[in-house]
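Listed below, chain by chain, are the residues.
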Amino acid sequence: MIGTQSTLGVGKPGSALLFVIASPVGPYYPTGFKAVSLEATSRYIRAWPGGVGDMKLGGNYAPCIVPQLDAASRGFHQNLWLFGEEGYVTEVGTMNLFVAWITPEGQKEIVTAPLDGTILEGVTRDCILALAREHLTKEGWEVSERKFTIGEVAKAADEGRLVEAFGSGTAAVVSPIRLISWDGGIGGTPRDITIPLQEGKEAGMLAERMWKWMEQRQYGDVESDWSYVIPQHHL
Ligand SMILES: *Cc1c(COP(=O)(O)O)cnc(C)c1O
C-alpha cells in the first residue's frame, strides 16, 4: 500500500493505493525438501519491543538484506534473528520458527516465540499451531507459544533432547533446518548446533508431516474450513 497524495512530508496519507498481487507459485522445493543452515545473529536486530516488527512493512525488510548477504557470504542460507542479551530466538529470515525438543523435565514440546510485537503473526505459523494441536497433542506433544533462548537450543542439542527445527511461511510452507551457527553470545564461544533430520532425508518427521497436512488442505484432499473446493462446472 502506498500513499498517493501529492504532498512532500511526513504525515498520514490523504489517499492511498492498495495493490493485491495474486499469482500462482511453483513448488518451492521441486526436488523435495532441502534443509537449510542458519547464522544466529545478535549483531543485527530485526525487531524490538514497541517497534513494528509484527507488520509487513517495507522498512522491516530492507535492513535485513545486508545481514542476509553477509550470512550467505559465509555459506549460510538465512539469518536466525536473536533478541537481547538473553539471546531469545525470534524468527528465521522472513519465516516464523518452530523448535521441537524434549524439555529438561522430559516433556515433548513444540515451541515458537510468542506474539509480543516483535514477531510477524504468520498465517502459516497459525496453521501449524492449529495442526499441531489437532494431531500432535494426542501423541504427547505440548504446543507452546513462549520465549526461549538459543542457549536452551544448544543445551538441548548437547544433551540429545533436540528433535528438529523448521521455519514456516507461505512460500515454502515449512523449511527444515540442519544447522545453526551461533557466536555463543556475550563472552561465549562460537559453535555449531546440529539439528537432527531423518536418516537419509532433508527433513525431520514433524516438518514432513506438517507439510503434508498443509498441502492436503491447500489441494482440497482433506475437508477443511480453511479451504473451499471450487466445483468443476465453475472452471
Ligand atoms: C511473511 C513473514 C512470515 C511468514 O508469514 P506467513 O503469513 O506465514 O507467510 C514470518 N516472518 C516474517 C518476518 C515475515 O515477513
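Further up the page is the structure itself.
Not measured: the values here are computed from a predicted model. (Residues numbered from 1 in each chain as written. Predicted model: local features only at pLDDT ≥ 70, side-chain atom pairs only at ≥ 80, totals over all residues. Heavy atoms only, no water.)

Student: I'd like a rundown of the pairing of strand β8 (residues 142-145), residues and numbers included.
Tutor: Relative to β8, strand β7 (residues 108-112) is paired through four bridges, and the arrangement is parallel. Its bridge partner being in β8, Ile 110 is matched across the sheet by Val 143. The β-α-β motif built from β7, the intervening helix α3 (residues 123-136) and the parallel element β8 has right-handed crossover chirality. (Pairing = 2+ DSSP bridges. Helix = DSSP H or I, 4+ residues; strand = E, 2+ residues; numbered from the N terminus. Right-handed = clockwise from strand over helix to strand, strands pointing away.)

Student: Can you explain the site of the ligand? Please cite residues and give values.
Tutor: Residues in contact with the ligand amount to 13 residues; listed here are only the nearest, Lys 56, Tyr 61, Glu 91, Thr 124 and Thr 170. Take Val 123: an N or O atom from its main chain is 2.8 Å from an oxygen atom of the ligand. At a separation of 2.6 Å, an oxygen atom of the ligand approaches a polar side-chain atom of Thr 124. Here the ligand is seated within the largest pocket. Of all the secondary-structure elements, those providing two or more residues to the shell around the ligand are β6 (95-102) and α3. A breakdown of the residues in the shell around the ligand according to their chemical character gives four nonpolar, six polar and three charged. (Near = heavy atom within 4 Å. Polar contact = N/O pair within 3.5 Å; in protein donor to acceptor, adjacent residues only side chain to side chain. 1 Å grid on protein atoms, 1.4 Å probe; cavity = no way out; pocket = protein on both sides within 12 Å on 5 of 7 lines; lining within 4 Å. Sits in = over half its atoms within 2 Å of the grid points. Nonpolar A, V, L, I, M, F, W, Y, C, P; charged D, E, K, R; others polar.)

Student: So what's going on with the nonpolar core? Residues and values would help.
Tutor: Residues Leu 80, Ile 150, Ile 180 and Ile 193 are the most contacted members of the largest nonpolar core, which totals 24 residues. For this core, the elements supplying multiple residues, two or more each, are β3 (36-41), β4 (78-83), β5 (88-92), β6, α4 (150-158), β9 (162-169) and β10 (173-182). Beyond its immediate sequence surroundings of up to four residues, Ile 180 is in contact with Leu 38, Ala 40, Leu 80, Ile 150, Arg 191, Asp 192, Ile 193 and Ile 195. Of all hydrophobic cores here, the second largest spans 23 residues; its members include Tyr 29, Ala 100, Phe 166 and Met 214. (Core = buried A, V, L, I, M, F, W, Y, C linked by side-chain atoms within 4.5 Å. Buried < 20%, exposed > 50% of the residue type's maximum accessible area, 1.4 Å probe, protein only. Contact = heavy atoms within 4.5 Å.)

Student: Tell me what's going on with the pairing of β9, and back it up with residues and numbers.
Tutor: Along β9, seven of the eight residues are buried, which leaves the element largely enclosed by surrounding structure. The pairing of β6 with β9 spans six bridges and is classified as antiparallel. By the bridge assignment for β9, Val 99 is matched with Ala 165. Across four bridges, the pairing between β9 and β10 is antiparallel. From the neighbouring strand, Gly 169 faces β10, where its bridge partner is Val 173.

Student: Please provide a residue-by-residue account of the packing of α3 against helix α5 (residues 205-218), values included.
Tutor: At a minimum axis separation of 10 Å, α3 and α5 run at an interaxial angle of 105°. By the angle between their directions, the pair α3 and α5 is classed as roughly perpendicular. In this structure, α3 contributes Thr 124, Cys 127, Ile 128, Leu 131, Ala 132, Glu 134, His 135 and Leu 136 to the contact, and α5 contributes Leu 206, Arg 209, Met 210, Trp 213, Met 214 and Arg 217. Counted by class, the contact of α3 with α5 contains nine nonpolar, two polar and three charged residues. (Axes fitted to C-alpha atoms, helices over the stretch in contact; angles between N-to-C directions. Parallel < 35°, antiparallel > 145°, perpendicular 65-115°, else oblique.)

Student: Which residues make up the layout of surface pockets, and what are the values?
Tutor: Reported here for the largest pocket is a volume of approximately 1,200 Å³. Around the largest pocket sit 45 residues that line it, and Gly 169, Thr 170, Ala 171, Ala 172 and Val 173 are the ones nearest its centre. Of all the secondary-structure elements, those providing two or more residues to the lining of the largest pocket are β5, β6, α3, β9, β10 and α5. Ranked by the residues each element gives to the lining of the largest pocket, the list is headed by α5, at five residues. Residue composition of the lining of the largest pocket, by class: 21 nonpolar, 16 polar and eight charged. In this model, the second largest pocket occupies a volume close to 290 Å³. Residue lining of the second largest pocket: Met 1, Leu 18, Phe 19, Ile 21, Lys 56, Leu 57, Gly 58 and Tyr 61, and that is the complete set. Here the residues of the lining of the second largest pocket sort into six nonpolar, one polar and one charged. (Points joined across faces, edges and corners; volume = space filled by probe spheres on them.)

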